[in-house]
Amino acid sequence: MAFGGEIILQPRSWQRLLRFGGYATVAALSPSSYGPAARALAVRQIYLTAWKVLPAYLAFSALLSVVIIEILRNSEIVRSAASALGRTHVDTALDLVLRVLVLELIPLSTAIFVALRSGAAIGAEVALMRVQGALEDHRERGGSPLHAELAPRIAGAALSVFSLTALSVALAMFLAYMSFFGGSSAGFDMYTRIVGHLFNGFILIGLLLKCLLFGLAVALIPLATGLEAEVGKLGTVPAAVLAGLMKLFLVIGVIEVLSLVIKYVDVVEVLSSLLKYD
Amino acid sequence: MDQKPDTSGSGVPLVPKSLGIKVGMLLAFSVTVAVALVVYVLHAGGAFEEFQRLTLVTDNAEGVAPGMDLTFAGFPIGRVRRLSLRDDGKALIHVRVAKTQVRWLRTTSKFVLEVPLVGSVKLRAFTSNLEDPQLADRAVVDVLRGDTAETVPEMVATLNNILNNVGHMTASDSSLQLSLANLRVVTERMAGKHGVLGAALGSEDNAKKMIQAIDRANALLASLGGVSQRLDSVLAKTDQRVLGPGGIVEETQKAVRQANAILGEVSANLKRVDAILTDAQAVASNAKVATADLGALRAEVEASLRKVGALIDEINRKWPFERDTTIKLP
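Let us now look at the overall build of chain B. Check the secondary structure of chain B and you find six helices and seven strands. For chain B, the α and β elements follow one another from N to C terminus as α-β-β-β-β-β-β-β-α-α-α-α-α. Looking at chain B as a whole, 9% of its 330 residues qualify as buried. Contacts in chain B between residues at least 24 apart in sequence constitute 53% of all its contacts with a sequence separation of at least 6.

This is how it looks when you write it as C-alpha cells:
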C-alpha cells in the first residue's frame, strides 16, 4: 500500500467505505454514542474545523462572492442575454449569481475547504491510532471505538461543513443584495421574487441534500480510509491519508457533477438521442 | 494541523468550558441562519401563501413554461404551475395566484399571451374595471394570443414586394434610371456654354438661334423706339396744324360761318321762289280753264281728222293704183 492510487482502484476498499459509512452514520446519529468524552471530542472537532477558521473562511467566501457577483453584474454578455430574453438585467444577473454562488460554488468550496483543513488531519489521526493499536485497546477495554472515537469526529466534521455552508451562503446572498440594490430596502420585493423563482422545492431539497452529502463525504471518507492503515506499520499512514483525500475529492466531484446533471440536463432526452444515433 | 491525536481515547473531557460555549453559539447561530434561509426561500417561493387557481385556455401554449410570471400592470401576481392539453386539443395553462393578489383579477379581466419577436413569452392580465365581481377560484378563462412571429410571413411578403419594386426602380433600364440619365444630360447642358437656355432648348444651336432672335428683337425694339419718337413729333405737328392758329379747325369755323351766310341767302331765294310759285299757281289755274276748252277743241279736231281719214279712204278706194283693200293681219 505504497500509493494512494492503488487503494482507490480496489473495489473492496469502496465496499469497506460504504459499510463503514452506514455503521458510522447510524452511530453518529444515535444519542447513545455521546458520552461526556465523545461530546468533548465532537466539540473539539467543531472548534478546530469551524470556529477557528470561521473569520478566514468567511473572508475568503466574501471575496469569492464579490468577485463572481461583480463579474456577472457587469458582464455585457449577461446584459445582452437579458435584453434578448426580454427580461431586466437585474433579474438575469441576480438569477445567475444565485445559481452560481449559492447553488454551486459556496457549498463546493466549503466542502473542499473543510476536506483540506480537517479531512487530512482526521485521516492521519485515525490512521495513526490504527497503527498504534489504540482502537484495538479500546475494544479490549470493552468499549466501541466506533462510538467513542469515530462517531464524534464524523458528527463534528459534518456539522462544521453545515455551519460553514449556512453562514457563507447567507453572506453571499447578503452581498448579492448589497451589490445589486445597495443599502436600500426597495429591492427586497424584487430580490424575494427572484429568489422565489429560482428556489422551487426541487432546487431547495437538492441543495440541502447536496450539502448533507458533502458533509458526510468530508467526515466519513478520510476517516474510513485512515482505517486502511495496517497495525504496526507506520509507513502505511501516508498512503492511507493520501488515498482518503483522493477518494474524497473524487466523491465530491461526482456529487457536484451529478447535482448539475440532475438540475440542468434532461437525462432521458440525452440517453434517447445517444441510443438513436448509435 | 492543530489536532493532537495522542489526546484521544482517554475518556477525560479535553476541552475547556468556554470552548463548548463558543461551539454551541456557532452551531446555534448556524442553525438559526440555515432555518431562516430555508424559511425565507420557502416564503419567496410562496410556500406560506394561500393561492387561488386559475386555468387559462389557449390554442397554442408554445413558449409558456412552469415558473413563468403572470403580470398585472408590470407586477407579478401569479405563477404558472403546469401545462396540460385538454381533450379538445386546447392547451391549458394552470396558474396559481396569491390570495392577496386575486383582487386585481375580475370576471371581465383579459389575459394576453404576448409572444414578442425577440425575447421570452409574457403572460399579462388586464382589468379595465376593478368594480366588477372578483374572479372565482378555479376559473377557466380564454387567453388572447398576440404573436408577433405570426405576422412575420406577411411582413416578409410585403417586404419582398417592396424590395422587388426597389429592384425595378434601380435596374439599369428603369424609368428612374432613365430619368436620372436625362436629368444628367440636362444638368450637363445647364453647366455648358449657354447654361439653362441650352438645357431648355435641347441643343447649343437652338440656344444660339434663340440668342440671335433675342438680339434681333432688341434691335427691333430700338428702331421701334425711333419710330415712336417720330410718331410723337408727327402727332405734335398734326396737333399744331389741326388745333393751332390758322389750323384746320379755325378754317373750318370760317367756312361754317360762310356757309351760314350762304344759307341765309338761300333762304331769301327760297322765299322768292315761293312767291313765284304762288304766281305759277295762279297761272296754272288759268291754264286749267284753257284745258277745258282744249277738250272741246280736241274733240272737234278729232272729228275733223276722222272726216279727213274717211275722205282719204274714199280717195284711196277710188284711186286706181291702189285696189288692195284687204286687211293684212300680222
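That covers the picture; the talk isn't over yet.
Counting secondary structure elements, chain A contains twelve helices and zero strands. Every one of the 278 residues in chain A was classed for burial, and the buried ones make up 44%. Intrachain contacts of chain A at a sequence separation of at least 6 include 82% that bridge at least 24 residues.

A word on the interface of chain B and chain A. Listed as interface residues are 32 residues of chain B and, on the opposing side, 38 residues of chain A. At twelve residues, helix H1 (residues 17–44) of chain B tops the list of elements feeding residues into the side of chain B that touches chain A. Residue classes in the side of chain B that touches chain A are distributed as 18 nonpolar, eleven polar and three charged.

A few words on the pairing of strand S6 (residues 122–126) of chain B. Residues and elements named next belong to chain B. Burial of S6 is one-sided: the residues Leu123 and Ala125 facing one way are buried, the residues Lys122, Arg124 and Phe126 facing the other way are not. Relative to S6, strand S5 (residues 110–115) is paired through five bridges, and the arrangement is antiparallel. In the strand pairing of S6, valine 112 is matched with arginine 124.

This part takes up unusual backbone geometry. Excluding glycine, residues mostly have negative phi values, and the peptide bonds linking residues are mostly trans. Residue and element names in this part refer to chain B. In the Ramachandran plot, alanine 73 falls in the positive-phi region, its phi being about 55° despite a non-glycine side chain. Within the secondary structure layout, alanine 73 lies in the loop between strand S2 (69–72) and strand S3 (75–85). One non-glycine residue with positive phi stands out, namely arginine 138, at about 60°. Along the polypeptide, arginine 138 turns up in the loop between S6 and strand S7 (139–147).

Residue and element names in this part refer to chain A. Packing of helix H6 (residues 89–132) against helix H8 (residues 145–181) leaves a shortest axis separation of 9 Å and a crossing angle of 155°. As the angle between them shows, H6 and H8 are arranged roughly antiparallel. The handedness of the crossing between H6 and H8 comes out as right-handed. When the residues that make up the contact of H6 with H8 are grouped by side-chain class, the tally is 20 nonpolar, five polar and two charged.

The next subject is the sheet that holds S7 of chain B. Residues and elements named next belong to chain B. In space, the seven strands of this closed barrel follow the order S1-S4-S3-S2-S6-S5-S7, with mixed pairing throughout. Across the sheet, the mean angle separating the axes of adjacent strands is 35° when strand polarity is ignored. Across eight bridges, strand S1 (residues 51–58) lies against strand S4 (residues 91–98) in antiparallel orientation. Bridging from a neighbouring strand, phenylalanine 51 pairs with alanine 98 of S4.

All right, on to the pairing of S3 of chain B then. Side-chain direction in a regular strand flips from residue to residue, so the side chains alternate between the two faces of the sheet. All names here are of chain B. With four bridges connecting them, S2 and S3 associate as antiparallel partners. Bridging across to S3, threonine 71 finds its partner in proline 76. Joining the antiparallel neighbours S2 and S3 is a turn of two residues, in which alanine 73 adopts a positive phi near 55°. Bridging between S3 and S4 involves seven bridges; their strand directions are antiparallel. Opposite glycine 78, over in S4, you have valine 97 as the bridge partner.

This part is about the nonpolar core. Counting 83 residues, the largest nonpolar core has Ile154, Ala217 and Val218 of chain A as its most contacted members. Beyond its immediate chain neighbours, meaning those up to four positions away, alanine 217 of chain A contacts Leu248, Val251, Ile252 and Ile255 of chain A. Residues Leu70, Val97, Phe111 and Leu113 of chain B belong to the second largest nonpolar core, which totals 17 residues.

A separate point is the confidence of the model for chain A. Here chain A averages 85 in pLDDT, and 95% of its residues register 70 or above. Within chain A, the element-level pLDDT minimum falls on helix H1 (residues 4–9) of chain A, averaging 59, and the maximum on helix H4 (residues 54–73) of chain A, averaging 94.

This part takes up H8 of chain A. Residues and elements named next belong to chain A. The end-to-end C-alpha distance of H8 is 53 Å, a good match for the 54 Å that 37 residues give at a rise of 1.5 Å each. At alanine 151, H8 shows its maximal kink, close to 35°; a proline, proline 152, follows between one and four residues later. The buried fraction of H8 amounts to 30 of the 37 residues, a majority that puts the element mostly inside the structure. With its phi angle positive at about 70°, glycine 182 sits one or two positions after the end of H8.

The rules behind these values
- Residues numbered from 1 in each chain as written.
- Chains lettered and ligands numbered in written order.
- Predicted model: local features only at pLDDT ≥ 70, side-chain atom pairs only at ≥ 80, totals over all residues.
- Helix = DSSP H or I, 4+ residues; strand = E, 2+ residues; numbered from the N terminus.
- Buried ≥ 20, exposed ≤ 12 C-beta atoms within 10 Å, placed from the backbone.
- Contact = placed C-beta atoms within 7 Å.
- Nonpolar A, V, L, I, M, F, W, Y, C, P; charged D, E, K, R; others polar.
- Pairing = 2+ DSSP bridges.
- Axes fitted to C-alpha atoms, helices over the stretch in contact; angles between N-to-C directions.
- Parallel < 35°, antiparallel > 145°, perpendicular 65-115°, else oblique.
- Left-handed = near helix turned anticlockwise from the far one by under 90°.
- Core = buried A, V, L, I, M, F, W, Y, C linked by C-beta atoms within 7 Å.
- pLDDT = per-residue confidence, 0-100.
- Expected span 1.5 Å × (residues − 1).
- Bend = angle between axes of the 7 residues up to and from the residue.

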